[in-house]
Amino acid sequence: MSIDLEPGKIVKGAGGAILEDVPHITDWLPDLPTYANPLKYHPAYAAVRQYFVEENDVVAKDVVVNVNRTSGAIYFRRAGPRDKIYFKPEDVKACIVTCGGLCPGLNTVIREIVCGLWTQYGVREIFGIIGGYRGFYCRNTIDLNPKVVNDIHKRGGTILRTSRGGHETSKIVDSIEDRGINQVYIIGGDGTQKGAWAIHKECVKRSLEVVVAGIPKTIDNDIDIIDKSFGFDTAVEEAQRAINAAHVEAGSAQNGIGLVKLMGRYSGYIAMYATLASRDVDLCLIPEVPFYLEGPGGLYEFVDQRLHESGHMVIVVAEGAGQELIAESMGSHENLVDPSGNPLLLDVGLWLSQNLKSYFAKAHPTFKEPLTLKYIDPTYMVRAIPSNASDNVYCTLLAHSAIHGAMAGYCGFTVGPVNNRHCYIPIPRVVSTQRHVNVADRMWARLLSGTNQPDFLRYKVVMEERRRTKALKQAESKEENVPEQISKSPPVSPSQNCPLTDVDSNGSNVTKQMKDDSTAQISTGDRQFFPATGYPLVTSPVPGDPTANFDQETP
Ligand SMILES: Nc1ncnc2c1ncn2[C@@H]1O[C@H](COP(=O)(O)OP(=O)(O)OP(=O)(O)O)[C@@H](O)[C@H]1O
Ligand SMILES: O=P(O)(O)OC[C@H]1O[C@](O)(CO)[C@@H](O)[C@@H]1O
Ligand SMILES: [Mg+2]
C-alpha cells in the first residue's frame, strides 16, 4: 500500500532521535477545548502514582542496538492515559467494528473497550457495528454496555460478527456523520487497518471531529512492528492438541505419518511456534521456506530417512506453504480471491497427503509395510475458541490503550506493544510491510536444530529442472523440435551436477541430472511469486532476498 507517514509527523528529538508520531485531532481542528481526565478522580487510578503518561514519553522501536549507531533511532508515542482529554465523556458517541477473519480474543477486546469507556471515562453511548465494514451502511447498530458484554470473553468469535470486502469509504464516513459518532474503534488485520486509515483520511478531509483507533488482530501474527498479535498464543496452544493427536496416530502405526495443517497465509508463525512448543514435530513447512519433494535434500528423502529411523513422524504444514509447487504441479488453475481480494490458497495439506501416499505406495521398494497417513486439519478450530488467560490480559491492555489514545485526541493509529511497551503506531507504518518468519533469525535456527529437517536450499535449482524436464517431455510428445532455449541449455559443470530421483509413468525411479542455476526465474500460471525464492510476491522483505532488511530479532 502506498501510503506514507503524514508530513510533519516525523519529529526530530534530542541526540538524533526520531519520533514517528500519529495524527492528532488538533492537526485539523486546532481550537478544540480540553478537559481534565476523569481518571484523576477515579478511586482506582487516583491512588496510582505516575499513572498518567508524560507528553514526551516514547517507546524505542529497537532495543538491541549497536552502541556506535544510536543516532537516528526510531521511537513511537507511548500509549496510556493523558492528563488532558479532548472529549467531554457525555458527548462521546463511540462505535466498535470487527473485520476480517476470526481470532481468539475478539470478544475480550470488545468487552474491554465497552467497560473501559464506561467505567473509566463515564461514556454512555457505545454502539456495535454489525458484520464488518459493510455494517456501517447496511445494518442498524446495537447498543453496548457492560451488562451486554459481561460474559462475552468466554466465547469464541465476535458478537458483532465480521466480514471481508465491503469497504466503501465514503458510505462508511457518511454513516459515521449521520449517526453523530465521534470515536471509531476498528479491530482487524492488515486489510482492516488499511481501511481504518482510509476512514481517518476521509474524516480529516471532511474536517469531522472524529478519531479513528485501530486495534490489530491477526491469527497469522503477520502485522509488522508490534511484538505479537492477540490470540496468537491461544492458537499455538490449541494447535498442540492437533499435533498430539497426530503424534499418537503416527506412533501407533508402522510407517505412520501424522500431518497437521495450521493457518498462516504468508507467515508461518503458528506452525513455527507450534513446532517449537511441541517437540514431537519432525518437519515444519512454512510459506517463507519453499520446499520440494524429490531428490537429494527433498521432502521424500527426509520422510524416508525418518521413517526408517523412528518408524513414524509428524509433519506440520502452514496453509500458505508450497503454493508455487502445487500450482505448478496442477498446471492451469483458476486464481480465486476472497471478497477482500486476498488470494484463496490451494490446499497444501490434501495435496501433500496424496503425494506422499502415492509416492510411497508406487515408488518406494524399501518399505515392507505401507504408509499410514492421517491428515488433521484443525485450522478453523484453533481460531474459533475463546482466548486463553494471557491473551485475555493482553486484549484488556490493547483495549485500554486504544481508549486512552482516542480520549486524548490521537487518531489514525494502530495500538500495540513494541518491546513490551504499548504505543501508538501510525497506521501506514504497520500496513506498509507484512511480517514474516525471519529465516535468518535464531528462532528458525532453533527449529531447524530441533527437527534436523532439510533446509531446501536447492529449491530454485530443482524447480528449474522440473520445468525443463516438463518442457522437454511436452516437446517430445508433440513430436516437435526441441525448443532452442531448452536444447541449448548451457552445459552443467561437474561440481553442479546433482542427481534427482523422480518417478516415470510406470512408477520406476528415474535418475536425472540437474543444473545449479540460482538465477532461475519462476513463472507459474497467472500467480506471481518472488523470483528468488518462489515466495508469493508481497510488499515486505522476504527470506532469500539479499536486500531484505530483517529488523526483527528474536531473543
Ligand atoms: N486496501 C484497503 N483499503 C480499504 N479497505 C480494505 C483494504 N484492504 C482490505 N480492506 C477491508 O478490510 C476488511 C478486512 O480485510 P481482510 O479481509 O483482508 O482481512 P484482514 O483485516 O487483513 O484480517 P485477516 O487477514 O487477519 O483475517 C475488509 O472489509 C476489506 O474490504
Ligand atoms: O476466514 P477465511 O475467509 O476462511 O480466511 C482464512 C484466512 O484467514 C486467516 O485466518 C487470517 O488471515 C488466514 O490464516 C486464513 O488463510
Ligand atoms: Mg490480512
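Here's a quick rundown of the structure.

What counts and what doesn't
Per chain, the residues get numbers from 1 upward, laid out in the order the sequence is written. Working convention: letters from A go to chains and numbers from 1 go to ligands, in the order in which they are written. For a predicted model such as this one, the threshold for reporting local features is a pLDDT of at least 70, and the threshold for listing and counting side-chain atom pairs is 80 or more; totals across whole chains, interfaces and linings nevertheless cover every residue. Only heavy atoms go into the side-chain values, all of them from the structure, while hydrogens and water stay out. For the purposes of this section, nonpolar cores are sets of buried Ala, Val, Leu, Ile, Met, Phe, Trp, Tyr and Cys residues that join through side-chain atoms within 4.5 Å. For the exposure calls, accessible area comes from a 1.4 Å probe over protein chains only, and a residue counts as buried if that area is under 20% of its type's maximum, exposed if over 50%, partly exposed in between. Any two residues whose heavy atoms approach within 4.5 Å at even a single point are treated as in contact. Only a single heavy atom is needed: when it lies within 4 Å of a molecule or strand, its residue is near that molecule or strand. Pairs of N or O atoms are called polar contacts if they sit within 3.5 Å, as long as, within protein, a hydrogen donor faces a hydrogen acceptor (for residues adjacent in sequence, only side-chain-to-side-chain pairs). Methods summary: accessible areas were calculated by the Shrake-Rupley approach with a probe of 1.4 Å, and residue burial reflects only the protein chains presented. Residues are sorted three ways: Asp, Glu, Lys and Arg are charged, Ala, Val, Leu, Ile, Met, Phe, Trp, Tyr, Cys and Pro are nonpolar, and all the rest, Gly among them, are polar. In this description a helix means any DSSP run of H or I spanning at least four residues, a strand means any run of E spanning at least two, and both kinds are numbered starting from the N terminus. Two strands pair under a simple rule: DSSP has to find at least two bridges between them. The axes are straight lines fitted to the C-alpha atoms, using for helices just the contacting stretch, and the angles between their N-to-C directions are given from 0 to 180°. For classification purposes, angles smaller than 35 degrees are called roughly parallel, those larger than 145 roughly antiparallel, those between 65 and 115 roughly perpendicular, and all remaining angles oblique. If you view the pair so one helix is near and one far, a crossing is left-handed when the near helix is turned anticlockwise from the far one by less than a right angle, and right-handed when it is turned clockwise.

## Details of the nonpolar core
Among soluble globular proteins, nonpolar side chains are generally buried collectively. One finds Tyr185, Phe291, Leu299 and Leu356 to be the most contacted residues of the largest nonpolar core, which totals 141 residues. With residues up to four places along the chain from it excluded, the contact list for leucine 299 reads Leu283, Leu285, Phe291, Tyr292, Leu293, Leu352, Leu356 and Phe456.

## Let's talk about the site of ligand 2
Around ligand 2, the surrounding shell consists of Arg164, Ile219, Asp220, Met263, Gly264, Arg265, Glu319, Tyr380 and Arg383. In the model, an oxygen atom of ligand 2 is placed 2.7 Å from a nitrogen or oxygen of the aspartate 220 side chain. Within the side chain of glutamate 319, one N or O atom sits 2.7 Å away from an oxygen atom of ligand 2. Protein contacts shield 79% of the accessible area of ligand 2, which totals 400 Å² for the unbound molecule. Residues belonging to the shell around ligand 2 are distributed by class as follows: three nonpolar, one polar and five charged.

## Notes on the site of ligand 1
In the vicinity of ligand 1, 18 residues are found, and the nearest of them are Gly101, Gly165, Asp190, Thr192 and Ser340. A distance of 2.8 Å separates an oxygen atom of ligand 1 from a polar side-chain atom of arginine 164. One of the side-chain nitrogen or oxygen atoms of serine 340 is found 2.6 Å away from an oxygen atom of ligand 1. If ligand 1 stood free it would expose 630 Å²; the protein chains cover 83% of that surface. A total of five residues in the shell around ligand 1 trace back to one element, the largest contributor, which is helix α6 (residues 190–205). Looking at side-chain class alone, the shell around ligand 1 contains one nonpolar, 12 polar and five charged residues.

## Here we look at the side chain of arginine 111
With respect to the helices, strands and loops of the structure, arginine 111 is situated in helix α2 (residues 106–121). Taking relative accessible area as the criterion, arginine 111 reaches 17% and is therefore assigned buried. There is a polar contact of 2.8 Å between the side chain of arginine 111 and the backbone oxygen of asparagine 150. Excluding its chain neighbours within four sequence positions, the residues that come into contact with arginine 111 are Val149, Asn150, Ile152 and His153.

## Re the pairing of strand β16 (residues 413–418)
A regular strand places its side chains so that they alternate between the two faces of the sheet. With respect to burial, β16 is a largely interior element, six of its six residues being buried. Where burial is concerned, the two faces of β16 agree: the one with Phe413, Val415 and Pro417 and the one with Thr414, Gly416 and Val418 are both buried. As judged from the two bridges shared by strand β11 (residues 211–216) and β16, these two strands associate in the parallel manner. In the strand pairing of β16, glycine 214 is matched with threonine 414.

## Observations regarding the packing of α2 against helix α13 (residues 389–407)
At a closest axis distance of 8 Å, the pairing of α2 and α13 adopts a crossing angle of 50°. Here α2 lies oblique to α13, going by the angle between them. Every pair of crossing elements has a handedness; the one defined by α2 and α13 is right-handed. Across the interface between the two elements, Thr108, Val109, Glu112, Ile113, Gly116, Leu117, Gln120 and Tyr121 of α2 pack against Asn392, Cys395, Thr396, Ala399, His400, Ile403, His404 and Met407 of α13. Taken together, the residues of the contact of α2 with α13 sort by class into eight nonpolar, seven polar and one charged.

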